[in-house]
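Architecture at a glance
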Amino acid sequence: MNRRDFLIKSSMAASLPLAMSTSGQALSMANQTKQAAVSRQAGSLTWLDGQAPHLNAGQTWGQPWRKGQLQKSQPLCLVNKQGNKVAVQSWPTAYWPDGSVKWTAHAVAANADLGESFKVMAGKGPAVELPVKVSNNSQHIVLENGVFSCLIPRSGQYIIKKLERNGKVIAQNATLVGLRQDQPVNEPDSQAMVESFVSRIEQAEIEQSGPIKAVVKISGTQRTESGRDWLPFTLRLTVYAGGESVQLSHSFIYDGDDQKDFISGLGLRFDVVQRDELYNRHVRFVGQGEGLWAESPQGITGLRRDPGKLVRDAQIAGIATPPLNEWDERVSSRMHWIPVWNDYTLSQLNANGFNLKKRTKAGHAWIDSDQGQRASGVAYLGGASGGILFGMRDFWQLHPVQIDIRNAGADIAQATLWFWSPEAPAMDVRFYHDGMGQETHEQQLDALNITYEDYEPGFGSAYGVARTSSFSLFVLDATPSRTDTIAMADTIRQPAQIVAAPQDYLASGVFGGLFSLPDRTNPEKSAIEDRLDWQVDYYHKQVDQRHWYGFWNFGDIMHTYDTDRHVWRYDVGGYAWDNSELSPDLWLWYSFLRTGDATTFRLAENMTRHNRDVDMYHAGKFKGLGTRHNVQHWGCSAKQLRISTAAYRRFHYYLTGDERTGDVLNEVINADEALAALNPTRKVAQHNPLPGKAKIGVGTDFGSAAANWLTAWERTGDKKYRQWLERAMRVIGDHPLGFFAGAFGYEPSTKTLLPYPNVEPSLSHLNSVFGLIEVCTELNQLIDVPQFKAAWLKYGRLYSAPRAEQEAAMGVAFKGNSLTVAHSRLTAYVAQQEGDRALAKRAWHEFAKEWGGKHQPGTQHIAGPQVLNPIDEAPWLSTNDAAQWGLAAIQNLALIGESLD
């Protein structure tokens, strides 16, 4: 085999290029995941992608429970398909109002014998064979899992001081590194000052202490050469029992001056101890799919003289070669003439191309080694006696990225995994235009009428946005085989996920039960199911065709299409990045819950991992708020609770146990306090009926705050959050206009809603389409406030009612009650709650009024001179349409589906 051979995991060998195309693989995977969704059985846990991973590096997942089914103190065990108990670590993540457990999270050891399906049940399970042991003192925290140990300092620059295996230090001195410059070098006459920075630990704490999973949380900042501390970060290190890897999740907040703080490099750097002869050392890069580049710093293949087949085969395989005296003497006596390649760089500066180069040492030319499309972001540095295989999740998707290996021929080699490549242009987060004279609110509102962009000076700032990158370091006692290298790369680039069956999510009653299983029992339902499936597939393909990738962009989708240019309106005000506008997050998560489809899960997870970081503020004057849709994710001046709400993120946390998402849920518990400093309707509502008090809208504001409090209540069981909810519900329910009151005064310090005097009935088409329907459904299930429920039912009945009915009930016929399809599910909720079959028929009529039946699933394929690359387009479909049509379809089927029979 040559250096670009790889082994198919079925053990059939093949020789394919490093950058093997995966378009066929993608279609095959889509079909496999659909089959996996169909095969999920009630009562059993399965792998998201349908099959157990080739390498299980340790897993964490979440599982729902019916009210009263599981008590907090009740032990749980894991049973595989063969009936054997498997060690499991379990902890509650949410509770029902009666104190019973609503959600649990579970962890299993690396290489646990799970098979294709398994289940969690009551009972005591066995102890894990190689438990994680955690010890600590004032200087260090040590994690030991029976395979390797990890020494974590409590202060200083190193996040990992040592990684040891079998008594040998394999790697050491892991630190976060970066580069900052005061000007963007791509501008004319730029003479940028560049300085480096490294991590500085402020706190290290043990979050979980095993025995199967241990987590250490590090908080700190980056310190520049000039002594400035900035870019606060949180980094978690996770170790599983019996595993070979330490998993890292790094989140940082941008807190710079966007006019002079341009990040030109962000990376994770560590040293690898080299003990082997130069020719028994190895460098490997995983390309696209199963492509592999593998060489030794001192290669002995392809020479003019042959050292012998056994020698060559050993080096290619990554195992120790025979002793030098067994080689052909014509080679062994001339080893000093063979160049040693010390330095390697793989750079991926965009989503569709990477380059691999190497050099012998600084001061000499780089030699191009290979190139391809999408690198996996996984490499190995070490020798026959051990080393580190390392990589980054979503590597090429989060470009520009890079992997550097330096001094591979020295006793201490160095690896840097750059999650912002220093070869790329510096990160530029300045606002994209100069305001064009929009100084007053009147001017800004007028501009809004043409560009759909809500601009305001000083509001398009990236100060406080965040980003998370995930890494894995495999601590190995030998160079891995090519097959094992690919298996480890698979676990890094797309981690396996365990999920429950849709039947079990539904039966548990979580998330309001606002979904049902797919139903094709008649032509009408079948057509709806086809459209639901098609929408997910369409956006899945659009992500790749439209290249919705990049450090700040990956995970989001675009808002509205431009039929003339055959592009999404990426450069037109509020029509560009969606930023959760009209709840695509909810649509995708509810779609997954009812289908178990892996493609849907990945779309939803990527969106959550993006939106929880980039589309909301984690520091600064807008902390706790999110940003409305815009050309840049932080560009719009509408900073609102409706974007940062926990309603969109709690799905991911409960399904995966992701600690970073849990952090963000905690961040927004008191996000409503921002209403005291920033009135979301400041440009259109100048009069304040309660001077000195904040304003809280009864729709997007209350719904978002309520979701934040509800999530905090169920996560902790703390009754104060229930009290906040119940008090607010009573104020709304006791108001004569209920939800038609529009808004209330607000006292954030006490979470108190204050009725405005002398208000007229009003509504907004946006009130209910950012999670209010979903959160009110749950509130009415969990907290008995009859007047609140009555107010909600009244709102739902009248929103889309005939004008005469509105006038009879409220004295006025409403204007602005558009988004009829979206609100049809609110009509359906009232019909279901009150057993009103006539209202159920009205709901279906409303559902079909705008989009239903008008646009059948399908796209047109565009190629040739009209577009840069061939694309599929459905020009009638916006993200608003897709998300709200999808939610309406899912919830109508769940609430009143029988009325279609």
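**Brief notes about unusual backbone geometry**
Note: most peptide bonds trans; most residues except glycine with negative phi. Pro211 follows Gly210 through a cis peptide bond whose omega is 15 degrees. Within the secondary structure layout, Pro211 lies in the loop between strand S15 (194-209) and strand S16 (213-224). Residues His399 and Pro400 are joined by a peptide bond in cis, for which omega reads 5 degrees. One non-glycine residue with positive phi stands out, namely His566, at about 60 degrees.

**So, the pairing of strand S8 (residues 101-108)**
With respect to burial, S8 is a largely interior element, 8 of its 8 residues being buried. Where strand S4 (residues 59-64) and S8 come together, 6 bridges link them in antiparallel fashion. Bridge pairing in S8 links Gln59 to Val108. Here strand S7 (residues 89-95) pairs with S8 via 6 bridges, running antiparallel.

**So, empty space enclosed by the protein**
Applying the stated criterion to the full structure yields 5 cavities of 30 Å³ or more. Counted as a void, the largest cavity has a volume near 670 Å³. Lining of the largest cavity is provided by 37 residues; of these, Tyr240, Gln247, Arg393, Pro495 and Asp658 occupy positions nearest its centre. Sorting elements by how many residues they give to the lining of the largest cavity places strand S29 (residues 466-476) first, with 5 residues. Taken together, the residues of the lining of the largest cavity break down into 10 nonpolar, 17 polar and 10 charged.

**Quick word on the confidence of the model for the protein chain**
Averaged over every residue, the pLDDT of the protein chain is 94; residues scoring 70 or more account for 95%. When the criterion is pLDDT under 50, residues 19-33 qualifies, and its contacts beyond four places in sequence or with other chains add up to 18 contacts.

**Section: the side chain of Asp615**
Within the fold, Asp615 resides in the loop between helix H9 (598-611) and strand S33 (626-627). For the buried residue Asp615, which engages in no salt bridge, the nearest side chain bearing the opposite charge is Arg649, 5.8 Å off. Engagement of the side chain of Asp615 in a polar contact is seen with the side chain of His610, the distance being 3.1 Å. Setting aside anything within four residues of it in sequence, one finds Asp615 in contact with Asp556, Asn579, His610, Gly626, Thr627, His633 and Ile643.

**Observations concerning the sheet that holds strand S6 (residues 85-86)**
Read from one edge to the other, the open sheet built from 5 strands follows the order S6-S5-S9-S3-S30, with strand pairing classed as antiparallel. The sheet is open, and its two edges are formed by S6 and strand S30 (498-499), each paired on a single side. Pairing of strand S3 (residues 45-47) with strand S9 (residues 117-122), which is carried by 2 bridges, proceeds in the antiparallel orientation. Its bridge partner being in S9, Thr46 is matched across the sheet by Ser117.

**Here we look at the pairing of strand S14 (residues 168-181)**
In terms of residue burial, S14 counts as a mostly covered element, since 11 of its 14 residues are buried. Both strand S13 (residues 158-165) and S14 contribute to a ladder of 6 bridges, which runs antiparallel. Residue pairing for S14: Lys162 is matched across the bridge by Gln172. Counted along the chain from S13 to the antiparallel partner S14, the turn is 2 residues long, and its residue Asn166 has a positive phi close to 55 degrees. In the sheet, S14 pairs with strand S19 (residues 262-273) via 9 bridges, with the strands oriented antiparallel. Within S19, the residue paired with Gln172 across the bridge is Asp271. As paired strands, S14 and S15 are joined by 5 bridges and run antiparallel to one another. Each bridged residue has a counterpart across the sheet, and for Arg180 the counterpart in S15 is Glu195.

Calculation notes
- Residues numbered from 1 in each chain as written.
- Predicted model: local features only at pLDDT ≥ 70, side-chain atom pairs only at ≥ 80, totals over all residues.
- Heavy atoms only, no water.
- Helix = DSSP H or I, 4+ residues; strand = E, 2+ residues; numbered from the N terminus.
- Buried < 20%, exposed > 50% of the residue type's maximum accessible area, 1.4 Å probe, protein only.
- Pairing = 2+ DSSP bridges.
- 1 Å grid on protein atoms, 1.4 Å probe; cavity = no way out; pocket = protein on both sides within 12 Å on 5 of 7 lines; lining within 4 Å.
- Points joined across faces, edges and corners; volume = space filled by probe spheres on them.
- Nonpolar A, V, L, I, M, F, W, Y, C, P; charged D, E, K, R; others polar.
- pLDDT = per-residue confidence, 0-100.
- Contact = heavy atoms within 4.5 Å.
- Lys, Arg positive; Asp, Glu negative; His and termini not counted.
- Salt bridge = Lys/Arg side-chain N within 4 Å of Asp/Glu carboxyl O.
- Polar contact = N/O pair within 3.5 Å; in protein donor to acceptor, adjacent residues only side chain to side chain.

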